[in-house]
Amino acid sequence: RAGCVFISFGLESADPKVLEGVDKKCPLEAYRQVASWAKEVGIRIKFFILIGLSYQTPESIDKTIEFLWETKPEEIDAQLFVPYPGSEFAREPEKWGITILEKDFTKYRQRPDRKSAQAIMSTIETKWMTRHEMQEAREKILQEFAKIEKENASRAVPREGIVSILESVAFY
């Protein structure tokens, strides 16, 4: 009745070790549960994913992809992690296992410019992933998500169905 049709979450990663390593307090199970509840009432879900976090490995990326298949969000935004000037990550990169490769702030991009198809390259490497592995991980996530989108489209609920579902749920 409130008209909520879309919720976005800063998932970052579906690897608990990565989430703990960057001091993310929200447990993975909470994302899983909220995604389930949202789907039950027809609310669309978007997850923001960061690639290049401390403790993130290619195996972490696979866990994130598995989580996307499990929860089947309608949208994702997969971005390369950037330690922006002034952040704790930029002030103390060694503490986070980060090597800053680029000092030119004009190259600090998390994803390609919407007006350009030009690829971007990570401005960092970590103890766990090279900048090239980060780029490959982003592409892998996007390719897998394209398959999820295709599957979601085949099971889409017409708008009228969403309204009837929402009207049948009692919100307290």
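Residues numbered from 1 in each chain as written. Predicted model: local features only at pLDDT ≥ 70, side-chain atom pairs only at ≥ 80, totals over all residues. Heavy atoms only, no water.

**Remarks on the packing of helix α2 (residues 28–40) against helix α3 (residues 58–71)**
With their axes 10 Å apart at the nearest point, α2 and α3 run at an angle of 25 degrees to one another. Considered as vectors, α2 and α3 are oriented roughly parallel to each other. The handedness of the crossing between α2 and α3 comes out as right-handed. Of α3, the residues touching α2 (which contributes L28, Y31, R32, A35 and K39) are F67, E70 and T71. (Axes fitted to C-alpha atoms, helices over the stretch in contact; angles between N-to-C directions. Helix = DSSP H or I, 4+ residues; strand = E, 2+ residues; numbered from the N terminus. Parallel < 35°, antiparallel > 145°, perpendicular 65-115°, else oblique. Left-handed = near helix turned anticlockwise from the far one by under 90°. Contact = heavy atoms within 4.5 Å.)

**Some thoughts on the packing of aromatic side chains**
The full count for this structure, using the stated rule, is six aromatic pairs. When the centroid spacing of 5.8 Å and the interplanar angle of 40 degrees are considered together, the rings of F9 and F47 count as tilted. Note that F9 is positioned in strand β1 (residues 6–12) and F47 in strand β2 (residues 44–51), a separation of 38 residues in sequence. Overall, F47 belongs to the buried group, its relative accessible area being 0%. (Phe/Tyr/Trp six-rings, centres within 6.5 Å; stacked < 30°, edge-to-face > 60°. Buried < 20%, exposed > 50% of the residue type's maximum accessible area, 1.4 Å probe, protein only.)

**Concerning the pattern of salt bridges**
Tallying each qualifying case throughout the model produces 13 salt bridges. Among the salt bridges present, the one from K63 reaches D15, with a minimum N-O distance of 3.8 Å. A residue pair is termed long-range when its members are at least 10 positions apart, and K63 in helix α3 and D15 in the loop between β1 and α1 (16–21) qualify at 48 residues. Residue classification places K63 among the partly exposed residues on the basis of a relative accessible area of 39%. Exposure remark for D15: the relative accessible area of 7% places this residue in the buried category. A salt bridge links R32 to E29; the shortest N-O distance between them is 2.8 Å. Separated by three residues within a single helix, R32 and E29 lie in helix α2, roughly one turn from each other. With a relative accessible area of 25%, R32 lands in the partly exposed category. Given a relative accessible area of 44%, E29 falls into the partly exposed group. (Salt bridge = Lys/Arg side-chain N within 4 Å of Asp/Glu carboxyl O.)

**Focus: the packing of α3 against helix α5 (residues 131–154)**
At a closest axis distance of 10 Å, the pairing of α3 and α5 adopts a crossing angle of 15 degrees. In terms of axis orientation, α3 runs roughly parallel to α5. When the axes of α3 and α5 are compared, the crossing they make is right-handed. Of the residues in α5, those touching α3 at P58, I61, D62, I65, L68 and W69 are E133, A137, K140, I141, E144, K147, I148 and E151.

**Section: the pairing of strand β3 (residues 75–80)**
With respect to burial, β3 is a largely interior element, five of its six residues being buried. Relative to β3, β2 runs parallel, the two sharing six bridges. The partner of F48 across the bridge, within β3, is D77. (Pairing = 2+ DSSP bridges.)

**A short note on the sheet that holds β3**
The sheet built from three strands is open, its strands ordered β1-β2-β3 with parallel pairing. A single partner strand is all that each edge strand has here, and the edge strands are β1 and β3. Averaged over all pairs of adjacent strands, the angle between strand axes in this sheet comes to 20 degrees, irrespective of strand direction. Across the sheet, α3 lies against β1, β2 and β3, angled at about 180 degrees from β2, the strand it touches most. Its contacts with the sheet place α5 against β2 and β3, and it is angled at close to 175 degrees to β3.

**Comments concerning the environment of R138**
When you line up the elements, R138 lands in helix α5. In the structure, R138 is positioned 59 residues away from Q79 in sequence and 7.2 Å away in space, judged by C-alpha atoms.

Don't take any of this as a statement about function, it's just geometry.
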